[in-house]
Amino acid sequence: MANNIQAIRGMHDVLPDQTPFWQYAEQALRDVLSAYGYSEIRLPIVEKTELFKRSIGEVTDIVEKEMYTFEDRNGDSLTLRPEGTAGCLRACLEHGLLHNQVHRLWYYGPMYRHERPQKGRYRQFIQLGVETYGMSGPDIDAELILLMDRLWKKLGIRDKVRLQLNSLGTIAERLVYRETLVSYFQAHLEELDEDSLRRLETNPLRILDTKNPAMHQLVANAPELMAYLGAESLQHFNTLTATLNDLGISYEINTRLVRGLDYYSKTVFEWVTDELGSQGTVCAGGRYDGLIEQLGGKPNFAVGFAMGIERLLALMEVSGNIPQTRTVDVYMIRVGDAAEREGLRFAETIRNEVPGLKLQVNCGGGSFKSQFKKADKIGAGYAIILGDDEVSRGEVSIKSLRNGEEQQQTLSQVEAITFLQTL
Ligand code: ATP
Ligand code: MG
């Protein structure tokens, strides 16, 4: 064992007994996104390091200490994507998708951050990202919230998550607020931790996002950004909350919500839960109009969110909402040379005639008894049995493997197909 190579810490395999659970959630995500007319975009996992530095911000947790950055063989600095927003926007700008167009996009896949692994926090994790371009909102902000609300309902976890909302205003508004905030923290220097002292110089708003419980009281008493918003930002926010009120979607206004990334403006939101300990944010996002120009585009509008799928699944598990899915409906038992040959052929006929049926054929031989054991183990509902006797008569036997249904029936192949079509 000592020589076996193991997976990288914080990067997990999803074993076959778990994949049906993932697939169920993934299908629900796709169904909901398609109900709102969103299109999938597929993006590279590796991008130039510069892209993330320029977009996420030099003084963020991600860029300062979480990125997997390496030099490739040409000496270029590349990074495994820590999030998808930057790459998505890079692709849209590169391919001219933002000229007088509106887009509603989603992507799904692994992200990489060198964090301390713990429950709900991994070094490779899966995100669903949703990004929309070209809409000034707040109607599209509300649509995104509706979409997420629908997804929680579909997955049976609506009562486990709460929506928190804030507005970060414009860059100009934040600059004014920043001065007030810096004075406040300067008056409490002795209460700041090391990270926050550093951030006081570089990015004081980020102090509000601290995960250090010792600083929560200090942050709770800090001046609120909401009081520094101008008329347009306030109207955006008030229209959004009025729309949510209209639609019966409840929310909490959290004036400390600043998000861990630099590129947001106006609307920001998080869906949080109390069920997953300190990794309580399942989904987070907001408006990031300014990022488009920052990456070289013309002024435009953008709003989106990212959802952590491991946390989503953990929440479904807490709710006891794990779908029961069967990998195999019918297991084919073949004993004898003729039965082995005929079985493979007949299995193909069944697959042609009974679409959707999950049929697994026993491979590797074995007695009737050992093959029945395998059928049981895999959880099949029925066994189709072919021995050389059956084959010589052109028949098969079908046996239910569910408790209490013991009888076995012998049918012609045509009758067997008719039977399987009714399952
Ligand atoms: P956190 O505050 O938990 O570190 P974040 O602000 O860094 O989260 P985002 O960059 O907004 O997170 O990512 C969106 C979502 O992706 C999070 O709400 C979470 O569900 C998920 N996520 C982020 N980092 C991780 C991780 N290391 N492992 C698992 N899921 C993650
Ligand atoms: Mg983080």
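Residues numbered from 1 in each chain as written. Chains lettered and ligands numbered in written order. Predicted model: local features only at pLDDT ≥ 70, side-chain atom pairs only at ≥ 80, totals over all residues. Heavy atoms only, no water.

Quick notes on the overall build of the chain
Secondary structure assignment for the chain yields 15 helices and 16 strands. Projected onto its principal axes, the C-alpha coordinates of the chain cover approximately 90 × 55 × 45 Å. Among the 423 residues that make up the chain, the fraction classed as buried is 51%. In the chain, the share of contacts with a sequence separation of at least 24, taken over all contacts with a separation of at least 6, comes to 70%. For the chain, the computed accessible surface area is about 21000 Å², with 49% contributed by carbon and sulfur atoms. Of note, the chain has its 47 positive side-chain charges centred 3 Å away from the centre of its 58 negative side-chain charges. (Helix = DSSP H or I, 4+ residues; strand = E, 2+ residues; numbered from the N terminus. Buried < 20%, exposed > 50% of the residue type's maximum accessible area, 1.4 Å probe, protein only. Contact = heavy atoms within 4.5 Å. Areas by Shrake-Rupley, 256 points an atom, 1.4 Å probe, with all protein chains shown as cover. Lys, Arg positive; Asp, Glu negative; His and termini not counted. Charge placed at Lys NZ, Arg CZ, Asp CG, Glu CD.)

Comments concerning the site of ligand 1
Ligand 1 sits among 17 residues. The nearest are Arg-113, Glu-115, Arg-121, Lys-211 and Arg-259. Backbone polar atom of Val-282 to an oxygen atom of ligand 1: 3.1 Å apart, as the coordinates give it. Burial of ligand 1 by the surrounding chains reaches 93%, relative to a free accessible area of 590 Å². Here the element with the most residues in the shell around ligand 1 is strand 10 (residues 281–287); it accounts for four residues. Taken together, the residues that form the shell around ligand 1 break down as seven nonpolar, four polar and six charged. (Near = heavy atom within 4 Å. Polar contact = N/O pair within 3.5 Å; in protein donor to acceptor, adjacent residues only side chain to side chain. Nonpolar A, V, L, I, M, F, W, Y, C, P; charged D, E, K, R; others polar.)

Quick notes on the sheet that holds strand 3 (residues 68–71)
The sheet built from three strands is open, its strands ordered 2-4-3 with antiparallel pairing. At either end of the open sheet lies a strand with only one pairing partner, and these are strand 2 (46–48) and strand 3. Taken over all neighbouring pairs, the strand axes of this sheet differ in orientation by 35° on average, direction set aside. Summarising the sheet, strand 2 and strand 4 (residues 77–80) pair through three bridges and their orientation is antiparallel. The partner of Val-46 across the bridge, within strand 4, is Leu-80. This element, helix 2 (residues 49–56), spans strand 2, strand 3 and strand 4 of the sheet and lies at about 75° to strand 2. (Pairing = 2+ DSSP bridges. Axes fitted to C-alpha atoms, helices over the stretch in contact; angles between N-to-C directions.)

Let's talk about helix 15 (residues 413–421)
For helix 15, the set of buried residues is Gln-413, Ala-416, Ile-417 and Leu-420. Along the long axis of helix 15, the arc covered by the buried residues comes to 100°, so they all point the same way. Here the buried face of helix 15 lies against strand 12 (330–335), helix 12 (337–353), strand 14 (382–387), strand 15 (395–400) and strand 16 (408–412). (Arc of directions from axis to C-beta.)

Details of the packing of helix 1 (residues 19–35) against helix 11 (residues 309–318)
For the pair helix 1 and helix 11, interaxial distance at closest approach is 11 Å and the crossing angle is 110°. Taken together, helix 1 and helix 11 sit at an angle that is classed as roughly perpendicular. Contacts between helix 1 and helix 11 involve Phe-21, Trp-22, Tyr-24, Ala-25 and Leu-29 on the former and, on the latter, Ile-309, Glu-310, Leu-313, Met-316 and Glu-317. Here the contact of helix 1 with helix 11 is composed, by residue class, of eight nonpolar, no polar and two charged. (Parallel < 35°, antiparallel > 145°, perpendicular 65-115°, else oblique.)

With respect to the sheet that holds strand 14
Read across the sheet, five strands follow the order 13-12-14-15-16 without closing on themselves; strand pairing throughout is mixed. Across the chains shown, the open sheet's two edge strands, defined by having one partner strand only, are strand 13 (359–361) and strand 16. Between one strand and the next, the sheet's axes are offset by a mean angle of 25°, whatever the strand orientation. Examined bridge by bridge, strand 12 and strand 14 share six bridges and lie parallel to one another. Paired with Arg-334 across the two strands is Leu-386, which belongs to strand 14. Sheet contacts for helix 13 (residues 368–377): strand 12, strand 14 and strand 15; angle to strand 12, the most-contacted strand, approximately 165°. Along the sheet face, helix 15 touches strand 12, strand 14, strand 15 and strand 16 and points at about 120° away from the line of strand 16.

Describing the domain arrangement of the chain
In terms of domain boundaries, the chain breaks down into domain 1 (19–169 + 229–318) and domain 2 (330–420). Placing a centre on the C-alpha atoms of domain 1 and another on those of domain 2 gives a separation of 48 Å. (Domains from an automatic or database assignment.)

A few points about the pairing of strand 7 (residues 162–167)
Most of strand 7 is tucked away, with five of its six residues classed as buried. One ladder, built from six bridges, connects strand 7 with strand 9 (residues 265–272); its direction is antiparallel. Of the residues in strand 9, the one forming a bridge with Ser-167 is Thr-267. Bridging between strand 7 and strand 8 (residues 252–253) involves two bridges; their strand directions are parallel. Paired with Leu-165 across the bridge in strand 8 is Ile-253.

Examining the pattern of salt bridges
As enumerated under the stated definition, the model contains 25 salt bridges in all. Close ionic contact of Asp-61 with Lys-65 constitutes a salt bridge, the shortest N to O distance being 3.7 Å. One end of the pair, Asp-61, and the other, Lys-65, are both in helix 3 (residues 61–66), four residues apart, so they sit about a helical turn from each other. Lys-65 gets classed as partly exposed once you look at its relative accessible area, which sits at 44%. Put simply, Glu-348 and Arg-351 hold a salt bridge, and the shortest N to O gap is 2.8 Å. Highlighted residues: Glu-348 and Arg-351, both in helix 12, separated by three residues, approximately one helical turn. In this structure Glu-348 comes out as partly exposed when scored by relative accessible area, which is 43%. One salt-bridge network, held together by shared partners, links Asp-61, Glu-64, Lys-65, Asp-195, Arg-198 and Arg-199. (Salt bridge = Lys/Arg side-chain N within 4 Å of Asp/Glu carboxyl O.)

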